[in-house]
Amino acid sequence: MTSEEQPEYRSADGKPMVSTTPRDVVHIRLGSFALVATIGIGVLGFVAGLTWLTVLMALLTVAAIVDIVLAVRRQSHARKGTTTEAG
């Protein structure tokens, strides 16, 4: 059975439940915010001709992507007993 075919677990309130930890959720949410900010500032640096700012933002963008990917991998490999509400 693939992950798409598995039934979605729901709490007593009807909210979706996922195997995750609050730490992973924070890493994903803050990482996505950082991703948008670094891309925006990097584009502004590129337009302004500030090469050092563009390179710095590119490095921070890569770091944010790596952090998000690692958090998603931890989330998918979480123990089955760590089920919390999604969102």
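The structure presented is a predicted model; accordingly, all values stated were derived computationally and were not measured. (Residues numbered from 1 in each chain as written. Predicted model: local features only at pLDDT ≥ 70, side-chain atom pairs only at ≥ 80, totals over all residues. Heavy atoms only, no water.)

Visitor: Would you mind showing me how to read the overall build of the chain here?
Guide: Tallying secondary structure elements over the chain gives two helices and three strands in all. Counting the 87 residues in the chain, one finds 17% classified as buried. Once local pairs closer than 6 in sequence are excluded, the contacts in the chain between residues at least 24 apart make up 70%. (Helix = DSSP H or I, 4+ residues; strand = E, 2+ residues; numbered from the N terminus. Buried < 20%, exposed > 50% of the residue type's maximum accessible area, 1.4 Å probe, protein only. Contact = heavy atoms within 4.5 Å.)

Visitor: Sorry, what's going on with helix α2 (residues 51-76) here?
Guide: One turn of an α-helix holds 3.6 residues; hence residues three or four places apart share an orientation. Taking 1.5 Å as the rise per residue, α2 with 26 residues should run 38 Å; its terminal C-alpha atoms sit 38 Å apart, in good agreement. Among the residues of α2, L53, M57, T61, A64, I68 and A71 are the ones counted as buried. Buried residues along α2 sit in contact with α1 (22-48). (Expected span 1.5 Å × (residues − 1).)

Visitor: What's the story with the packing of α1 against α2 in this structure? I'm lost.
Guide: When two helices pack together, their arrangement is given by the angle between their axes and by how far apart the axes lie. One can describe the packing of α1 onto α2 by two numbers: an axis separation of 8 Å at closest approach and a directional angle of 160 degrees. Taken together, the axes of α1 and α2 lie roughly antiparallel to each other. Here the hand of the crossing between α1 and α2 comes out left-handed. Across the contact of α1 with α2, the residue classes break down as 14 nonpolar, nine polar and four charged. (Axes fitted to C-alpha atoms, helices over the stretch in contact; angles between N-to-C directions. Parallel < 35°, antiparallel > 145°, perpendicular 65-115°, else oblique. Left-handed = near helix turned anticlockwise from the far one by under 90°. Nonpolar A, V, L, I, M, F, W, Y, C, P; charged D, E, K, R; others polar.)

Visitor: How should the side chain of T61 be read in this particular structure?
Guide: Considering the arrangement of structural elements, one finds T61 in helix α2. A polar contact is formed between the side chain of T61 and the side chain of T38, at a distance of 2.9 Å. Excluding residues that lie within four positions of it along the chain, T61 makes contacts with L35, T38 and I39. (Polar contact = N/O pair within 3.5 Å; in protein donor to acceptor, adjacent residues only side chain to side chain.)

Visitor: Just to check I follow, could you spell out the pattern of salt bridges for this structure?
Guide: Oppositely charged side chains can form a pair if their charged atoms are brought close together. The final tally for this structure, using the stated rule, is one salt bridge. Note that D24 is salt-bridged to R74, the shortest N-O span being 3.0 Å. Placement of D24 in helix α1 and of R74 in helix α2 is noted, with a sequence separation of 50 residues between them. (Salt bridge = Lys/Arg side-chain N within 4 Å of Asp/Glu carboxyl O.)

Visitor: Would you take a moment to explain the environment of I39 for this structure?
Guide: As for its placement among the helices and strands, I39 is situated in helix α1. For I39, a relative accessible area of 45% gives the class partly exposed. Spatially, the C-alpha atom of I39 lies 6.8 Å from that of T61, the residues being 22 residues apart in sequence.

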